[in-house]
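Each chain, written out:
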Amino acid sequence: MSRRPSKRTIAITGVVAFLMVISGITLILDINAGGTTVTWEYSRNNEFGAPNNGYSALIVGSDGTIYSQESLSTWNLSDTGYNLLAINRDGSLKWEVDSIGTYGQYHERNGTLYCTSNGGLQLIDRTGNVLWNYHFMNGTIYLCDEFQEGAALLRHDNLWAVYLSNYTIHPYDELVSISVLGEKQWALDLTTLNASYCPNPIIGYNNTMLLFYEKDNRSFESGYGSDGIELWTMDITPIDIVGVTNSQSRGPIYYYESKWGINATTSILSVQAFDSRSGSLSWKRDFNSGALLSPGNGWIDHVFQDGKGVLYAFDIDNHSICALNEDGIVLWEKSFPSYSSILGECEDGGLLLLHYREDLTYEVLRVGASGDSLWKVNIATADGWTQPIIVGNGADFYYGEGRNLVAYQQSALNIFSIAFAVTLILAIMVAVFWLRPQIKKSK
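About the thresholds
Residues numbered from 1 in each chain as written. Predicted model: local features only at pLDDT ≥ 70, side-chain atom pairs only at ≥ 80, totals over all residues. Heavy atoms only, no water. Helix = DSSP H or I, 4+ residues; strand = E, 2+ residues; numbered from the N terminus. Buried < 20%, exposed > 50% of the residue type's maximum accessible area, 1.4 Å probe, protein only. Contact = heavy atoms within 4.5 Å. Phe/Tyr/Trp six-rings, centres within 6.5 Å; stacked < 30°, edge-to-face > 60°. Polar contact = N/O pair within 3.5 Å; in protein donor to acceptor, adjacent residues only side chain to side chain. Pairing = 2+ DSSP bridges. Axes fitted to C-alpha atoms, helices over the stretch in contact; angles between N-to-C directions. Core = buried A, V, L, I, M, F, W, Y, C linked by side-chain atoms within 4.5 Å.

*Asks:* When you look at the environment of S282 in this model, what are you seeing that I'm missing?
*Replies:* In this structure, S282 sits in strand 20 (residues 280–290). On the accessibility criterion, S282 (39% relative accessible area) is partly exposed. For the pair formed by S282 and I253, sequence separation is 29 residues and the distance between their alpha carbons is 8.1 Å. Setting aside anything within four residues of it in sequence, one finds S282 in contact with I253, A273 and D275.

Encoded structure:
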């Protein structure tokens, strides 16, 4: 006749089972989060005489430094305040510069920061010292790129108010090069082009400035040296090649995508490779997709390229991604329902996708280079927060959430892995202490 287990045995067995279930749940959460969790939040108070500050993420530098704008949490026309902060990857303050950091562009190069603010271009060294400030008397400026020697390329345009009051004055004005010493090197007059469309140029292969523009229903590309002297100009086909100005590249080949509705039932998504040395297409891949656009209408966007060289074209209408290698060979094509945009590419391969949920929260999905969904995290927002999310090294990302700058970073020791380890150890300890007396009795 077998003995019924005692209440103590049943209780201990239940505890062990409960701990094992908790361990399993935390393990699943750990896998789903991929080791990505909030590692720190940065904030401080009373910087502008108000109880709290607001934060927004700007860019991440090549060394992992996070640049952020700090400002009054509640905007006040008569009492404004803002600072530019550099935050170390561990969440500690690296340096701050007062009254810089709003409504501008930011580029980091070898630890120094170029930023436009208050009508001027500032260069800030790696310790937070403002080396110089080149100020423009009027108009608007946009930081386009930097040459290899560090000279900044800016676009300086007339005020839109001047253009709207007199349409004979073209809003396109000039391109200006500012040396690393803060001195004007040269200026290129854009008004002589008489262009109907003239997007911001980029510094391309072999330190050449590439300028694209449309004129008389034709497209042109011009190459200029770092001294501002024209090297060549050529016609470009097709006309929508101007979209390449938004692309990223590691060499002479630039990648971009376009989508056009060709009839009532079909639209074509094209991925193209443009050779900046010859002004010609290297290859083109067309994909049929559902027609959500009127015939003839479409859009042009750049193609993302991750740290492993994989190219990604995102169809914003069908929420699908097409991955190709650098020769235009299709690797995979997958749909990601509800995800509306690509946050950025990852150095170790893959992408981060963004989904804005109906409950006013965000969801970030990590997609690997092979198209697998590796992890996803939900981000609670403050009052329908809409601050930008910026991608850093690896698959880290940062954003200003309410009155904090929040860092999501990859780490093997996140809250889920710690919980898994603790519950598993407790389960083993309970089991061992329960089994020891049972083993002794059996002997």
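*Asks:* Please explain the side chain of E221 as it appears in this structure.
*Replies:* Summarising the element assignment, E221 is placed in strand 16 (residues 218–224). Apart from residues no more than four positions distant in its own chain, E221 is found in contact with L210, L211, F212, W232, T233, M234, I236, F274, S276 and G279.

*Asks:* Just checking my understanding: could you explain the packing of aromatic side chains for this structure?
*Replies:* Aromatic ring pairs are described here by two measures, namely the spacing of the ring centres and the angle between the planes. A complete count under the given rule lists 12 aromatic pairs for this structure. Both rings, one in F147 and one in W186, keep their centres 6.5 Å apart while their planes meet at 65 degrees; by these two values the pair is edge-to-face. On the criterion of sequence distance, the pair formed by F147 in the loop between strand 10 (140–146) and strand 11 (152–157) and W186 in strand 13 (residues 184–189) is long-range, its members being 39 residues apart. In terms of burial, F147 and W186 fall into one category: buried. Ring centres of Y312 and W332 lie 6.1 Å apart, and the angle between their planes is 55 degrees; this geometry places the pair in the tilted category. One end of the pair, Y312, is in strand 23 (residues 311–315); the other, W332, is in strand 25 (residues 330–335), with 20 residues separating them in the sequence.

*Asks:* It is not clear to me how unusual backbone geometry should be interpreted in this structure. Could you clarify?
*Replies:* Note on backbone geometry: most residues besides glycine have negative phi, and most peptide bonds are trans. We note that N207 has phi near 65 degrees; this positive angle belongs to a residue other than glycine. Positive phi outside glycine occurs at S338, with the angle close to 80 degrees. Assignment of secondary structure puts S338 in the loop between strand 25 and strand 26 (341–345).

*Asks:* I tried to follow the environment of S370 on my own but got confused; where do I start?
*Replies:* Tracing the backbone shows S370 in the loop between strand 28 (362–367) and strand 29 (373–379). Since its relative accessible area comes to 46%, S370 is described here as partly exposed. Dropping the residues within four chain positions of it, S370 is found in contact with W332 and K334. At a separation of 3.0 Å, a polar atom in the side chain of S370 contacts the side chain of D372.

*Asks:* Help me understand the sheet that holds strand 31 (residues 397–401), please; the structure alone is not making it clear to me.
*Replies:* The strands making up a sheet associate through backbone hydrogen bonding, with each pair oriented either parallel or antiparallel. The 4 strands lie next to each other as 1-32-31-30, forming an open sheet whose pairing is antiparallel. The two strands at the open ends of the sheet, each matched to only one other strand, are strand 1 (36–42) and strand 30 (389–391). Ignoring strand direction, the axes of neighbouring strands in this sheet form an average angle of 25 degrees. Where strand 1 meets strand 32 (residues 404–410), 6 bridges bridge the pair, whose relative direction is antiparallel. Residue pairing in the sheet places W40 in a bridge with A407 of strand 32.

*Asks:* What am I meant to see in the nonpolar core here?
*Replies:* Looking at soluble globular proteins, one finds that nonpolar side chains tend to be buried together. Counting residues in each nonpolar core, the largest one holds 17 residues, and the members touching the most others are L153, M209 and L211. Within the residue set of this core, elements represented by two or more residues are strand 13, strand 15 (209–215) and strand 16. Ranked by residue count, the leading element in this core is strand 15, at 3 residues. Setting aside residues no more than four positions away along its own chain, L153 makes contact with Y142, L143, C144, D145, F147, L175, V176, W186, P201, I203 and M209. With 15 residues, the next largest nonpolar core counts C346, L352, I389 and Y399 among its residues.

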